[in-house]
Amino acid sequence: MTINPHYARIWQTVQLIPPGKVACYGQIADLAGLPGRARLVGKALGKVPEEGWKNQPVPWFRVINAAGKISFSEASEHFIQQKQLLQDEQVVVLGGRIKLKEFQWQPDLAELLFQLEF
DNA sequence: TAGCTGACTCCAT
DNA sequence: AATGGAGCCAGCT
């Protein structure tokens, strides 16, 4: 199966989210140059290679929805895992919710563009 | 090719 | 804050 070039672009963008911060699907889509494709980001994260991408891990767990919540149902294993990984890096998760005002990644655009060139 | 589906968003209530 | 509905778009069958 061929890798959708959009997926690679999305993974690469997600790798720029610093530890302790989160971004939402739509935000990643925008930064990756794919405005309006938040759902594609979800698809791409579901296909992150086990071994990471370009020898770097893809921190899929730092991506949540625009409501500031984890997008899995609270009962699921995925939810438990994502919550745990976030809390491991000091992100406060209460009832699946994260305070975007406090934890949302706000990248410097110039720096971001520079990094994505490579 | 046509539908279906969803790790989404926005807006009204 | 929670819920429901419409809009959205591309991957997948």
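Description of the structure in this document. (Residues numbered from 1 in each chain as written. Chains lettered and ligands numbered in written order. Predicted model: local features only at pLDDT ≥ 70, side-chain atom pairs only at ≥ 80, totals over all residues. Heavy atoms only, no water.)

## Examining the protein's contact with DNA strand B
- For DNA strand B, the set of nearby residues contains 13 residues, the closest of which are Tyr-25, Gly-26, Arg-39, Ala-66 and Ser-71.
- Counting only the atoms of DNA strand B that lie within 4 Å of the protein, the sugar and phosphate share comes to 37%.
- Between DNA strand B and Tyr-25, the relevant distance is 2.9 Å, taken from a base nitrogen to a side-chain nitrogen or oxygen of the residue.
- At 2.9 Å, a side-chain N or O of Ser-71 approaches a phosphate oxygen of DNA strand B.
- Those elements that place two or more of their residues in the surface near DNA strand B are helix 2 (25-31) and helix 3 (38-45). (Near = heavy atom within 4 Å. Polar contact = N/O pair within 3.5 Å; in protein donor to acceptor, adjacent residues only side chain to side chain. Helix = DSSP H or I, 4+ residues; strand = E, 2+ residues; numbered from the N terminus.)

## Quick notes on the side chain of Gln-27
- Relative to the elements of secondary structure, Gln-27 occurs in helix 2.
- Separated by 2.8 Å, the side chain of Gln-27 and the backbone oxygen of Trp-105 make a polar contact.
- Leave out the neighbours within four places in its chain, and Gln-27 touches Val-22, Gln-104, Trp-105 and Pro-107. (Contact = heavy atoms within 4.5 Å.)

## Examining the nonpolar core
- Ile-10, Val-14 and Ile-28 are the most contacted members of the largest nonpolar core, which has 24 residues in total.
- If you tally residues by element for this core, the top one is helix 1 (residues 5-14), at five residues.
- In this structure, Val-14 is in contact with Ile-28, Leu-45, Val-58, Pro-59, Trp-60 and Val-63, ignoring residues within four places of it in sequence.
- In this structure, Val-22, Leu-86, Leu-100 and Phe-103 belong to the second largest nonpolar core, which totals 11 residues. (Core = buried A, V, L, I, M, F, W, Y, C linked by side-chain atoms within 4.5 Å. Buried < 20%, exposed > 50% of the residue type's maximum accessible area, 1.4 Å probe, protein only.)

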